[in-house]
Amino acid sequence: MTLRSVIEGTGSALPRRRVDNAELATMVDTSDEWIVERTGIRTRYIAGEGETTASLAVEAARNALDAAGVAPAEVDLIILATATPDQTFPASATIVQAALGINDCVAFDVAAVCSGFLYALTVADNMLRGGGAKTALVIGAETMSRILDWEDRTTCVLFGDGAGAVVLRAQETDDHDGRGILASKLHADGRHNGLLNVDGGPSTTGTVGKVRMKGQDVFRHAVVNLAQVMREVLELASIDAADVNWVVPHQANARILDATARKLGLDPARVVVTVDRHANTSAASVPLALDTAVRDGRIEQGDLVVLEAMGGGFTWGASVLRF
Ligand code: UT7
(Lines give C-alpha, C1' and ligand atoms only; values in the text may rest on other atoms or scores of the structure.)
Protein backbone atom coordinates (compact mmCIF):
# COMPACT_ATOMS: atom_id res chain seq x y z
CA MET A 1 0.00 0.00 0.00
CA THR A 2 1.10 3.60 -0.66
CA LEU A 3 -0.03 6.83 1.01
CA ARG A 4 -1.51 9.03 -1.72
CA SER A 5 -3.63 12.18 -2.01
CA VAL A 6 -7.03 11.20 -3.41
CA ILE A 7 -9.53 13.66 -4.92
CA GLU A 8 -12.74 12.94 -2.98
CA GLY A 9 -14.88 15.67 -4.51
CA THR A 10 -14.84 18.57 -6.96
CA GLY A 11 -16.79 21.81 -7.14
CA SER A 12 -16.91 25.05 -9.07
CA ALA A 13 -18.59 28.43 -9.21
CA LEU A 14 -19.19 31.08 -11.86
CA PRO A 15 -20.33 34.69 -11.60
CA ARG A 16 -23.96 35.44 -12.51
CA ARG A 17 -23.19 37.54 -15.61
CA ARG A 18 -22.26 35.85 -18.89
CA VAL A 19 -20.70 38.02 -21.59
CA ASP A 20 -20.55 36.91 -25.22
CA ASN A 21 -18.18 38.06 -27.95
CA ALA A 22 -20.82 40.28 -29.56
CA GLU A 23 -21.07 42.30 -26.35
CA LEU A 24 -17.27 42.76 -26.28
CA ALA A 25 -17.40 43.96 -29.89
CA THR A 26 -19.46 46.92 -28.67
CA MET A 27 -16.62 47.87 -26.26
CA VAL A 28 -13.40 47.32 -28.28
CA ASP A 29 -12.47 46.90 -31.96
CA THR A 30 -12.99 43.13 -32.20
CA SER A 31 -15.43 40.60 -33.61
CA ASP A 32 -16.97 37.26 -32.75
CA GLU A 33 -15.24 35.79 -35.84
CA TRP A 34 -11.74 36.90 -34.75
CA ILE A 35 -12.15 35.70 -31.15
CA VAL A 36 -13.62 32.31 -32.10
CA GLU A 37 -11.09 31.66 -34.87
CA ARG A 38 -7.98 32.69 -32.88
CA THR A 39 -8.98 31.41 -29.43
CA GLY A 40 -12.11 29.22 -29.53
CA ILE A 41 -13.72 31.48 -26.89
CA ARG A 42 -17.45 32.24 -27.27
CA THR A 43 -18.47 33.39 -23.80
CA ARG A 44 -16.95 34.22 -20.41
CA TYR A 45 -18.39 35.05 -16.97
CA ILE A 46 -17.62 38.41 -15.38
CA ALA A 47 -17.93 39.10 -11.65
CA GLY A 48 -20.46 41.73 -10.63
CA GLU A 49 -21.10 43.62 -7.45
CA GLY A 50 -20.56 41.50 -4.36
CA GLU A 51 -18.82 38.75 -6.33
CA THR A 52 -15.14 38.43 -5.43
CA THR A 53 -12.36 35.87 -5.72
CA ALA A 54 -13.05 34.71 -2.15
CA SER A 55 -16.84 34.55 -2.58
CA LEU A 56 -16.46 32.43 -5.73
CA ALA A 57 -13.86 30.28 -3.92
CA VAL A 58 -16.24 29.71 -0.99
CA GLU A 59 -19.04 28.58 -3.34
CA ALA A 60 -16.70 26.22 -5.22
CA ALA A 61 -15.32 24.86 -1.92
CA ARG A 62 -18.82 24.20 -0.54
CA ASN A 63 -19.74 22.33 -3.73
CA ALA A 64 -16.56 20.24 -3.50
CA LEU A 65 -17.15 19.45 0.19
CA ASP A 66 -20.76 18.41 -0.59
CA ALA A 67 -19.60 16.17 -3.44
CA ALA A 68 -16.99 14.58 -1.15
CA GLY A 69 -19.36 14.22 1.80
CA VAL A 70 -16.76 15.96 3.96
CA ALA A 71 -17.68 18.42 6.74
CA PRO A 72 -15.77 21.74 6.86
CA ALA A 73 -14.55 20.82 10.37
CA GLU A 74 -12.57 17.91 8.88
CA VAL A 75 -10.47 20.28 6.68
CA ASP A 76 -7.03 20.94 8.15
CA LEU A 77 -5.44 22.64 5.13
CA ILE A 78 -6.69 25.26 2.64
CA ILE A 79 -4.52 26.34 -0.27
CA LEU A 80 -5.99 28.94 -2.59
CA ALA A 81 -4.29 29.67 -5.91
CA THR A 82 -5.00 33.16 -7.20
CA ALA A 83 -3.46 36.19 -8.87
CA THR A 84 -6.44 38.34 -7.89
CA PRO A 85 -6.82 38.13 -4.10
CA ASP A 86 -9.58 40.12 -2.36
CA GLN A 87 -6.93 42.06 -0.41
CA THR A 88 -3.14 42.40 -0.73
CA PHE A 89 -3.15 40.70 2.66
CA PRO A 90 -4.33 38.61 4.44
CA ALA A 91 -4.44 35.59 2.18
CA SER A 92 -7.85 34.99 0.60
CA ALA A 93 -7.57 31.41 1.88
CA THR A 94 -8.20 32.79 5.38
CA ILE A 95 -11.35 34.57 4.12
CA VAL A 96 -12.54 31.22 2.76
CA GLN A 97 -11.64 29.54 6.04
CA ALA A 98 -13.69 32.03 8.07
CA ALA A 99 -16.67 31.78 5.68
CA LEU A 100 -16.65 27.99 6.01
CA GLY A 101 -16.57 28.27 9.81
CA ILE A 102 -13.26 26.45 10.18
CA ASN A 103 -11.66 27.86 13.31
CA ASP A 104 -8.18 26.38 13.07
CA CYS A 105 -6.32 24.97 10.10
CA VAL A 106 -3.38 25.87 7.85
CA ALA A 107 -4.54 28.40 5.23
CA PHE A 108 -2.50 30.29 2.65
CA ASP A 109 -2.49 31.53 -0.95
CA VAL A 110 -0.23 30.43 -3.77
CA ALA A 111 0.70 32.87 -6.55
CA ALA A 112 1.67 31.12 -9.77
CA VAL A 113 -1.00 32.74 -11.99
CA CYS A 114 -2.42 30.26 -14.54
CA SER A 115 -0.30 27.41 -13.10
CA GLY A 116 -1.46 28.26 -9.59
CA PHE A 117 -3.79 25.29 -9.19
CA LEU A 118 -1.05 22.83 -10.23
CA TYR A 119 1.33 24.50 -7.76
CA ALA A 120 -1.29 24.43 -4.97
CA LEU A 121 -2.20 20.80 -5.68
CA THR A 122 1.43 19.72 -5.61
CA VAL A 123 2.14 21.55 -2.33
CA ALA A 124 -0.99 20.04 -0.77
CA ASP A 125 -0.04 16.58 -2.04
CA ASN A 126 3.40 16.88 -0.45
CA MET A 127 1.94 18.09 2.87
CA LEU A 128 -0.62 15.27 2.90
CA ARG A 129 1.92 12.57 2.13
CA GLY A 130 4.37 14.11 4.61
CA GLY A 131 1.83 13.96 7.42
CA GLY A 132 1.36 17.74 7.71
CA ALA A 133 -2.37 17.48 7.00
CA LYS A 134 -5.05 14.86 6.31
CA THR A 135 -7.84 16.66 4.47
CA ALA A 136 -7.14 19.58 2.16
CA LEU A 137 -9.24 22.03 0.19
CA VAL A 138 -7.29 23.07 -2.90
CA ILE A 139 -8.91 25.94 -4.74
CA GLY A 140 -8.20 28.01 -7.85
CA ALA A 141 -10.20 31.23 -7.94
CA GLU A 142 -9.90 34.43 -9.95
CA THR A 143 -11.57 37.69 -10.84
CA MET A 144 -9.26 38.49 -13.76
CA SER A 145 -11.83 41.00 -15.06
CA ARG A 146 -10.77 43.38 -12.27
CA ILE A 147 -7.16 43.58 -13.57
CA LEU A 148 -7.92 43.71 -17.31
CA ASP A 149 -7.38 46.80 -19.42
CA TRP A 150 -10.83 46.99 -20.99
CA GLU A 151 -9.43 49.18 -23.79
CA ASP A 152 -6.80 46.59 -24.82
CA ARG A 153 -8.43 44.19 -27.29
CA THR A 154 -5.35 41.92 -27.27
CA THR A 155 -6.05 40.87 -23.65
CA CYS A 156 -9.57 41.83 -22.53
CA VAL A 157 -11.32 39.33 -24.81
CA LEU A 158 -9.27 36.39 -23.49
CA PHE A 159 -10.07 36.16 -19.78
CA GLY A 160 -12.99 35.33 -17.52
CA ASP A 161 -13.80 34.89 -13.82
CA GLY A 162 -14.61 31.76 -11.82
CA ALA A 163 -13.46 29.23 -9.25
CA GLY A 164 -12.86 25.50 -8.94
CA ALA A 165 -12.00 23.37 -5.93
CA VAL A 166 -11.09 19.83 -4.95
CA VAL A 167 -11.16 18.01 -1.62
CA LEU A 168 -7.94 16.04 -1.28
CA ARG A 169 -7.51 13.31 1.34
CA ALA A 170 -4.47 11.30 2.40
CA GLN A 171 -5.30 7.61 1.98
CA GLU A 172 -3.46 4.31 1.87
CA THR A 173 -4.07 3.02 -1.68
CA ASP A 174 -3.01 0.04 -3.73
CA ASP A 175 0.56 0.38 -5.10
CA HIS A 176 -0.41 -0.47 -8.67
CA ASP A 177 -3.99 0.59 -9.38
CA GLY A 178 -4.86 2.69 -6.33
CA ARG A 179 -6.49 6.10 -6.66
CA GLY A 180 -4.66 9.36 -6.01
CA ILE A 181 -1.97 11.65 -7.36
CA LEU A 182 0.74 9.49 -8.95
CA ALA A 183 3.26 12.14 -9.97
CA SER A 184 3.64 15.89 -10.37
CA LYS A 185 6.26 18.16 -11.90
CA LEU A 186 6.55 21.93 -11.60
CA HIS A 187 8.75 24.44 -13.40
CA ALA A 188 9.44 28.18 -13.35
CA ASP A 189 11.63 30.42 -15.51
CA GLY A 190 11.56 33.99 -14.25
CA ARG A 191 13.42 35.37 -17.27
CA HIS A 192 10.10 35.65 -19.10
CA ASN A 193 8.41 38.14 -16.76
CA GLY A 194 8.16 40.69 -19.58
CA LEU A 195 6.05 38.46 -21.83
CA LEU A 196 3.12 38.14 -19.42
CA ASN A 197 2.65 40.27 -16.32
CA VAL A 198 0.65 42.90 -14.47
CA ASP A 199 2.16 46.40 -14.72
CA GLY A 200 1.69 47.29 -11.06
CA GLY A 201 1.92 46.01 -7.50
CA PRO A 202 2.04 47.10 -3.87
CA SER A 203 5.85 47.39 -3.77
CA THR A 204 6.40 49.11 -7.13
CA THR A 205 3.65 51.42 -8.37
CA GLY A 206 1.47 51.11 -5.30
CA THR A 207 -1.41 50.31 -7.66
CA VAL A 208 -2.96 47.00 -8.64
CA GLY A 209 -1.98 47.30 -12.32
CA LYS A 210 -3.35 45.69 -15.49
CA VAL A 211 -2.58 42.50 -17.43
CA ARG A 212 -0.04 42.87 -20.25
CA MET A 213 0.82 40.03 -22.61
CA LYS A 214 2.86 39.37 -25.73
CA GLY A 215 0.45 36.69 -26.91
CA GLN A 216 2.41 35.14 -29.77
CA ASP A 217 5.53 34.63 -27.63
CA VAL A 218 3.48 33.11 -24.80
CA PHE A 219 1.75 30.83 -27.30
CA ARG A 220 5.06 29.47 -28.63
CA HIS A 221 6.45 28.78 -25.15
CA ALA A 222 3.16 27.24 -23.98
CA VAL A 223 3.03 24.53 -26.65
CA VAL A 224 6.67 23.49 -26.08
CA ASN A 225 6.60 23.64 -22.26
CA LEU A 226 3.27 21.89 -21.84
CA ALA A 227 4.18 18.99 -24.12
CA GLN A 228 7.52 18.65 -22.30
CA VAL A 229 6.07 18.68 -18.76
CA MET A 230 3.33 16.21 -19.70
CA ARG A 231 5.97 13.85 -21.04
CA GLU A 232 7.99 14.28 -17.82
CA VAL A 233 5.09 13.53 -15.54
CA LEU A 234 3.97 10.47 -17.51
CA GLU A 235 7.52 9.16 -17.37
CA LEU A 236 7.69 9.78 -13.60
CA ALA A 237 4.49 7.74 -13.15
CA SER A 238 5.58 5.11 -15.75
CA ILE A 239 2.39 5.68 -17.74
CA ASP A 240 2.05 5.48 -21.50
CA ALA A 241 0.31 8.46 -23.15
CA ALA A 242 -2.01 5.97 -24.87
CA ASP A 243 -3.34 4.84 -21.45
CA VAL A 244 -4.44 8.35 -20.38
CA ASN A 245 -8.24 8.59 -20.22
CA TRP A 246 -8.53 12.38 -19.91
CA VAL A 247 -6.34 15.45 -20.19
CA VAL A 248 -7.65 18.46 -18.28
CA PRO A 249 -5.54 21.36 -19.55
CA HIS A 250 -5.35 25.00 -18.61
CA GLN A 251 -7.92 26.66 -20.84
CA ALA A 252 -6.07 29.55 -22.52
CA ASN A 253 -6.65 28.95 -26.21
CA ALA A 254 -8.29 26.09 -28.15
CA ARG A 255 -5.36 26.15 -30.60
CA ILE A 256 -2.87 25.52 -27.75
CA LEU A 257 -4.98 22.56 -26.57
CA ASP A 258 -5.01 21.08 -30.09
CA ALA A 259 -1.30 21.65 -30.72
CA THR A 260 -0.28 20.14 -27.36
CA ALA A 261 -2.48 17.07 -27.81
CA ARG A 262 -1.04 16.55 -31.31
CA LYS A 263 2.54 16.80 -30.03
CA LEU A 264 1.88 13.97 -27.57
CA GLY A 265 -0.15 11.89 -30.01
CA LEU A 266 -3.23 12.17 -27.75
CA ASP A 267 -6.75 11.76 -29.09
CA PRO A 268 -8.30 15.30 -29.10
CA ALA A 269 -11.60 13.70 -27.96
CA ARG A 270 -9.84 12.91 -24.66
CA VAL A 271 -9.02 16.57 -23.99
CA VAL A 272 -11.54 18.41 -21.79
CA VAL A 273 -12.34 21.76 -23.40
CA THR A 274 -14.23 24.52 -21.59
CA VAL A 275 -12.39 27.55 -23.00
CA ASP A 276 -15.34 28.14 -25.36
CA ARG A 277 -17.67 28.79 -22.40
CA HIS A 278 -15.36 30.09 -19.63
CA ALA A 279 -12.43 31.70 -21.52
CA ASN A 280 -9.12 31.82 -19.62
CA THR A 281 -9.91 31.88 -15.89
CA SER A 282 -6.21 31.62 -14.89
CA ALA A 283 -5.79 29.54 -11.70
CA ALA A 284 -9.47 28.55 -11.77
CA SER A 285 -9.41 27.01 -15.23
CA VAL A 286 -8.07 23.51 -14.47
CA PRO A 287 -10.33 22.77 -11.44
CA LEU A 288 -13.29 24.38 -13.25
CA ALA A 289 -12.76 22.13 -16.28
CA LEU A 290 -12.17 19.11 -14.02
CA ASP A 291 -15.44 19.71 -12.15
CA THR A 292 -17.30 20.19 -15.45
CA ALA A 293 -16.09 16.84 -16.80
CA VAL A 294 -16.74 15.04 -13.49
CA ARG A 295 -20.29 16.38 -13.21
CA ASP A 296 -21.22 15.64 -16.83
CA GLY A 297 -20.05 12.04 -16.30
CA ARG A 298 -17.01 12.02 -18.58
CA ILE A 299 -14.40 11.54 -15.83
CA GLU A 300 -15.18 8.49 -13.70
CA GLN A 301 -13.54 6.94 -10.67
CA GLY A 302 -10.46 4.98 -11.71
CA ASP A 303 -9.74 7.06 -14.83
CA LEU A 304 -6.16 8.15 -15.48
CA VAL A 305 -6.22 11.95 -15.69
CA VAL A 306 -3.47 14.42 -16.58
CA LEU A 307 -3.76 18.03 -15.42
CA GLU A 308 -1.48 20.69 -16.93
CA ALA A 309 -1.05 24.45 -16.97
CA MET A 310 1.32 27.23 -17.96
CA GLY A 311 1.22 30.90 -17.07
CA GLY A 312 2.97 34.10 -16.07
CA GLY A 313 6.47 33.84 -14.65
CA PHE A 314 6.70 31.68 -16.68
CA THR A 315 5.47 28.91 -14.45
CA TRP A 316 4.22 25.56 -15.68
CA GLY A 317 3.46 22.11 -14.37
CA ALA A 318 1.50 18.88 -14.67
CA SER A 319 0.07 16.14 -12.46
CA VAL A 320 -1.07 12.65 -13.30
CA LEU A 321 -3.62 10.98 -11.07
CA ARG A 322 -5.99 8.07 -10.89
CA PHE A 323 -9.32 9.76 -10.21
O1 UT7 B 1 -2.91 31.87 -19.56
C2 UT7 B 1 -1.57 32.19 -19.76
C3 UT7 B 1 -1.16 31.70 -21.04
N4 UT7 B 1 -1.68 32.55 -22.08
C5 UT7 B 1 -1.72 32.07 -23.28
O6 UT7 B 1 -1.40 30.93 -23.46
C7 UT7 B 1 -2.09 32.98 -24.44
C8 UT7 B 1 -1.22 32.61 -25.61
N9 UT7 B 1 -1.47 33.42 -26.78
C10 UT7 B 1 -2.59 33.34 -27.53
O11 UT7 B 1 -3.53 32.64 -27.19
C12 UT7 B 1 -2.64 34.09 -28.85
O13 UT7 B 1 -1.36 34.55 -29.16
C14 UT7 B 1 -3.63 35.28 -28.81
C15 UT7 B 1 -5.05 34.76 -28.82
C16 UT7 B 1 -3.38 36.15 -27.60
C17 UT7 B 1 -3.46 36.14 -30.07
O18 UT7 B 1 -3.64 35.36 -31.23
P19 UT7 B 1 -2.59 35.45 -32.44
O20 UT7 B 1 -3.10 34.59 -33.51
O21 UT7 B 1 -1.22 35.18 -31.86
O22 UT7 B 1 -2.77 36.95 -32.90
P23 UT7 B 1 -1.67 38.10 -32.96
O24 UT7 B 1 -1.30 38.56 -31.61
O25 UT7 B 1 -0.59 37.67 -33.90
O26 UT7 B 1 -2.50 39.25 -33.68
C27 UT7 B 1 -2.93 39.13 -35.05
C28 UT7 B 1 -3.70 40.37 -35.43
C29 UT7 B 1 -3.00 41.67 -35.07
O30 UT7 B 1 -3.29 42.60 -36.06
P31 UT7 B 1 -2.18 42.96 -37.20
O32 UT7 B 1 -1.00 43.47 -36.44
O33 UT7 B 1 -1.90 41.66 -37.91
O34 UT7 B 1 -2.86 43.97 -38.04
C35 UT7 B 1 -3.68 42.10 -33.80
O36 UT7 B 1 -3.64 43.50 -33.62
O37 UT7 B 1 -4.95 40.39 -34.71
C38 UT7 B 1 -5.10 41.65 -34.06
N39 UT7 B 1 -5.87 41.44 -32.83
C40 UT7 B 1 -7.21 41.48 -32.81
N41 UT7 B 1 -8.12 41.67 -33.76
C42 UT7 B 1 -9.42 41.62 -33.40
C43 UT7 B 1 -5.39 41.20 -31.58
N44 UT7 B 1 -6.42 41.08 -30.74
C45 UT7 B 1 -7.55 41.23 -31.47
C46 UT7 B 1 -8.92 41.20 -31.15
N47 UT7 B 1 -9.81 41.38 -32.13
N48 UT7 B 1 -9.38 40.96 -29.89
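Definitions and cut-offs
- Going along each chain's sequence as written, the residues are numbered from 1 onward.
- Reporting in this predicted model follows two pLDDT cut-offs: at least 70 for local features of residues, and 80 or more for side-chain atom pairs to be given and counted; totals over whole chains, interfaces and linings ignore these cut-offs and use all residues.
- The side-chain figures draw on all heavy atoms in the structure; neither hydrogens nor water molecules are used.
- Note on pairing: DSSP must find at least two bridges between two strands before they are called paired.
- Strands here mean DSSP runs of E at least two residues long; helices mean DSSP runs of H or I at least four residues long; both are numbered from the N terminus.
- Lines are fitted to the C-alpha atoms to define the axes, a helix being fitted only along its stretch in contact, and any angle between axes, read from their N-to-C directions, falls within 0 to 180 degrees.
- Segmentation of the chain into domains, including their bounds, is taken from an automatic or database domain assignment.
- In this description, contact between two residues means that some pair of their heavy atoms is separated by no more than 4.5 Å.
- When two components associate, each loses some accessible surface as probed by a 1.4 Å sphere; the sum of these losses over both components is called the buried area.
- For this analysis, a salt bridge means a side-chain nitrogen from Lys or Arg found within 4 Å of a carboxyl oxygen belonging to Asp or Glu.
- Side-chain atoms alone can form a polar contact between residues adjacent in sequence; in general such a contact is a pair of N or O atoms within 3.5 Å, and within protein one must be able to donate a hydrogen while the other accepts it.
- For this classification, the nonpolar set comprises Ala, Val, Leu, Ile, Met, Phe, Trp, Tyr, Cys and Pro, the charged set comprises Asp, Glu, Lys and Arg, and every other residue, Gly included, is treated as polar.
- Any residue with a heavy atom positioned within 4 Å of a molecule or strand is treated as near that molecule or strand.
- The method behind every accessible area is Shrake-Rupley, applied with a 1.4 Å probe, and residues are considered shielded solely by the protein chains displayed.

Enquirer: Report on the sheet that holds strand S11 (residues 246–249), specifying residues and quantitative values.
Expert: Taken together, the four strands give an open sheet; going across it, the order is S8-S13-S12-S11, and neighbouring strands pair in mixed fashion. Unpaired on one side and paired on the other, strand S8 (180–188) and S11 mark the two borders of the sheet. Pairwise comparison of adjacent strand axes, ignoring direction, gives a mean angle of 15° for this sheet. The sheet contact formed by strand S12 (residues 304–311) and strand S13 (residues 315–322) spans eight bridges and is antiparallel. Residue pairing for S13: Met 310 is matched across the bridge by Trp 316.

Enquirer: Give me the lowdown on the domain arrangement of the protein chain, citing residues and values where you can.
Expert: Annotation of the protein chain at the domain level lists domain 1 (2–173) and domain 2 (180–322). The C-alpha-based centres of domain 1 and domain 2 are spaced at 14 Å. Counting residues at the interface gives 54 residues for domain 1, matched by 49 residues for domain 2. Summing both sides of the interface, domain 1 and domain 2 together bury roughly 3800 Å²; the carbon and sulfur share of this comes to 64%. Measuring nitrogen to oxygen at the nearest pair gives 3.0 Å for the salt bridge that ties Asp 149 to Arg 212. Applying the counting criterion to the domain 1 and domain 2 interface returns 22 residue pairs in polar contact (both at pLDDT 80 or more). Where the side of domain 1 that touches domain 2 is concerned, the elements lending two or more residues are strand S1 (2–13), helix H2 (32–39), strand S3 (43–46), helix H3 (53–68), helix H5 (116–129), strand S6 (135–143) and strand S7 (161–173). Split into classes, the residues belonging to the side of domain 1 that touches domain 2 amount to 25 nonpolar, 18 polar and eleven charged.

Enquirer: Describe the sheet that holds strand S5 (residues 106–110), naming the residues involved and giving the relevant values.
Expert: The sheet built from five strands is open, its strands ordered S1-S7-S6-S4-S5 with mixed pairing. Edge positions in the sheet fall to S1 and S5, since each has one partner strand and no second. Here the strands of the sheet are splayed against their neighbours by 20° on average, with no regard to which way each runs. Bridge count for S1 against S7 is eleven bridges, and the pairing is antiparallel. Within S7, the position partnered with Ala 13 by the bridge is Ala 163. Where helix H4 (residues 92–99) meets the sheet, its contacts fall on strand S4 (77–81), S5 and S6, and the angle it forms with S5 comes to roughly 140°.

Enquirer: Can you tell me about the site of the ligand, naming the residues and giving the values?
Expert: Around the ligand, a shell composed of 23 residues is seen, among which Thr 30, Arg 38, Gln 216, Asn 253 and Asn 280 lie nearest. At 3.2 Å from an oxygen atom of the ligand is found a side-chain nitrogen or oxygen belonging to Trp 34. Here an oxygen atom of the ligand and a side-chain polar atom of Gln 216 are 2.5 Å apart. Compared with its free state, where it exposes 950 Å², the ligand has 74% of that area covered by protein. Looking at the shell around the ligand, the elements with two or more residues in it are H2, helix H6 (153–156), helix H7 (215–236) and helix H8 (254–264).

Enquirer: Which residues make up the pattern of salt bridges, and what values do they have?
Expert: Following the criterion strictly, the structure yields 13 salt bridges and no others. Between Arg 220 and Asp 217 there is a salt bridge whose closest N-O contact spans 2.7 Å. You can see Arg 220 and its partner Asp 217 sitting in helix H7, three residues apart, about one turn around the helix. A salt bridge links Arg 298 to Asp 296; the nearest nitrogen and oxygen atoms lie 2.8 Å apart. Three or more residues are tied together by salt bridges with common partners; here these are Asp 149, Asp 152, Asp 199 and Arg 212.

Enquirer: Would you mind going over the side chain of His 278 in detail, with residue names and values included?
Expert: Within the secondary structure layout, His 278 lies in helix H9 (residues 275–278). Not counting chain neighbours up to four residues away, the residues in contact with His 278 comprise Leu 14, Thr 43, Arg 44, Tyr 45, Gly 160, Leu 288 and Thr 292.

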